[in-house]
Amino acid sequence: ENNDRDGKAKEMDDKIKKHKKKIKELEGKMKEAETREENLRKAVEASNGKTQTIQSRVEELETLYDTEKRKARRLFNVIEDMKGKIRVYLRARPFSTSEKERGSTSQVLNFPDEYA
């Protein structure tokens, strides 16, 4: 009976040792997981900071783009206004069919000018 109790006690001690060993392994894994979690949190915070920096730069560039677009539109309108004010001094065209049939070969090179 004592041998039986001693055998059961030894068996229980072995189980307790196995469970303590397993607990230590799990505690080690838990510490590793906590360390990884902390590293991931830091990485997320760093990327959030970079994202905010990039976002503010994008907003700045959009503002600059809008400004340049307005300038380009204004300059385009100025050029178009200037084109409308440019005087046409000469218009060239090929001889028409009727002019060719009549055998016209002369070309008019002088146009009346308001300053002549």
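Relevant structure appears above.
Note that the structure is a prediction, hence the values are computed from the model and not measured.

The rules behind the values
- Residues numbered from 1 in each chain as written.
- Predicted model: local features only at pLDDT ≥ 70, side-chain atom pairs only at ≥ 80, totals over all residues.
- Heavy atoms only, no water.
- Helix = DSSP H or I, 4+ residues; strand = E, 2+ residues; numbered from the N terminus.
- Buried < 20%, exposed > 50% of the residue type's maximum accessible area, 1.4 Å probe, protein only.
- Salt bridge = Lys/Arg side-chain N within 4 Å of Asp/Glu carboxyl O.
- Polar contact = N/O pair within 3.5 Å; in protein donor to acceptor, adjacent residues only side chain to side chain.
- Contact = heavy atoms within 4.5 Å.

Could you give an account of the overall build of the protein chain, with specific residues and numbers?
Helix and strand content of the protein chain: 2 helices and 0 strands. In the protein chain, buried positions account for 1% of the 116 residues.

I'd love a proper account of the pattern of salt bridges, names of residues and values included.
For the coordinates displayed, the defined rule picks out 3 salt bridges. The partner of Glu-60 in a salt bridge is Arg-57, with the nearest N and O atoms 2.9 Å apart. Here Arg-57 and Glu-60 lie together in helix 1 (residues 2-85), a separation of 3 residues that amounts to about one turn. By relative accessible area, which is 41% here, Glu-60 ends up partly exposed. Judged by relative accessible area, Arg-57 falls into the partly exposed class, the value being 42%.

Please provide a residue-by-residue account of the side chain of Glu-99, values included.
Looking at where Glu-99 falls in the secondary structure, it is placed in helix 2 (residues 97-102). For Glu-99, the side chain forms a polar contact with the main-chain nitrogen of Ser-96, separated by 2.8 Å. The residues contacting Glu-99, other than those within four sequence positions of it, are Arg-93, Pro-94 and Ser-104.

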